[in-house]
Amino acid sequence: MKKLAEKEILLKTSIKALPDGTRTYFLGKSLESLEGGKGIFVLLYPTRTMENLHVEDSTNVHLLNHMKELGLKEYGIVNLFSTVTQSRLSTRGLALDTENLNYIKESIFREIKSPADKVIIAWGNSHQTSQVVNRAKLEVLKMWEEIHGGGMLYQLTADGLDKENVGVHPLYMGIRYANALWKLEPYPAEKIRAELKAVVDAAKKIQREDVKEPSAEKSEKMEKIKKMPTGRTASEKQAAEK
């Protein structure tokens, strides 16, 4: 037998969450054997807690598989909402998670000092018609602008991915582009922020209108708001509906 080589790869996982498993604010992964910077992914909702921290979900599997080509030695995940969900997020009764947003602002965005650290918008296209989700996205983009001005935000991409798709989720990338080379490209923050503001402002205007207005007319206006652009392209919509 030829002499065998041996190599160890040490994966470190960290979490900041409530002990009761109801809310998770940050999940981190780092590989000591890799060279590169740090990425902060902004997703939708968490699935990991202190109890199931040792179990990898699909999102983390895809990200770990592509860390090296993304130029990342470590990454962290924050979410628009901190409530832990093991299935699809329900927007029924969902409120703006101000405590979580403040954590992102003060503990994540304000702590970014090095240009090697990149914030990657990857919340995907789920719940595009939910006003509370749109408000949360808008708040994240406004907080980033407040702290870092014109600082660059990033998004995932790969050869063959529609260039108009924005903020693509790692699960979408993993399903459609698992064997492709993943890359980071600039996220069109100014454009998406303007679109989200228009949608949120339009919804607020309807809510302020006279309560005596016929419900049918309000419903018609809300349907028009749902069709307003918020970064989702036709190809993404068709893929999500399949």
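Since we're looking at a predicted model, the values are computed, not measured.

**Describing the packing of helix 3 (residues 131–148) against helix 5 (residues 189–208)**
Link 1 in the chain: In the contact formed by helix 3 and helix 5, the axes pass within 9 Å of each other and the chain directions differ by 135 degrees. Our classification of the angle between helix 3 and helix 5 gives oblique. Between helix 3 and helix 5 lies a crossing of left-handed hand. Across the interface between the two elements, Gln131, Asn134, Arg135, Lys137, Leu138, Leu141, Lys142 and Glu145 of helix 3 pack against Ala189, Ile192, Arg193, Leu196, Lys197, Val199, Val200 and Ala203 of helix 5.

**Here's the deal with the packing of helix 2 (residues 98–108) against helix 3**
Link 1 in the chain: Contact pair helix 2 / helix 3: the axes reach a minimum separation of 10 Å and the direction vectors enclose 25 degrees. Here helix 3 runs roughly parallel to helix 2, going by the angle between their axes. Here helix 2 runs over helix 3; the crossing is right-handed. Contact with helix 2, carried on its side by Leu101, Ile104 and Lys105, involves Ala136, Glu139, Val140, Met143, Glu146 and Ile147 of helix 3 and no other residues of that element.
Link 2 in the chain: Residues belonging to the contact of helix 2 with helix 3 are distributed by class as follows: six nonpolar, no polar and three charged.

Scoring rules and cut-offs
- Numbers given to residues run from 1 along each chain, matching the order in which its sequence is written.
- Side-chain atom pairs in this predicted model are given and counted only at pLDDT of 80 or more, local residue features only at pLDDT of at least 70, and totals for whole chains, interfaces and linings cover all residues.
- As a rule here, side-chain values come from all non-hydrogen atoms in the structure, and water together with hydrogens is ignored.
- Orientation is described by lines fitted to C-alpha atoms, with helices fitted over the stretch in contact, and by angles between N-to-C directions that extend from 0 to 180 degrees.
- Under the DSSP-based scheme used, a helix requires at least four consecutive residues in state H or I and a strand at least two consecutive residues in state E, with every element numbered from the N terminus.
- Oblique is the label for every angle not falling under 35 degrees (roughly parallel), over 145 degrees (roughly antiparallel), or within 65 to 115 degrees (roughly perpendicular).
- By convention the crossing between two helices is left-handed if the near helix lies anticlockwise of the far one by an angle smaller than a right angle, and right-handed if it lies clockwise.
- Here a residue-residue contact requires only that any non-hydrogen atoms of the pair lie within 4.5 Å.
- For this classification, the nonpolar set comprises Ala, Val, Leu, Ile, Met, Phe, Trp, Tyr, Cys and Pro, the charged set comprises Asp, Glu, Lys and Arg, and every other residue, Gly included, is treated as polar.

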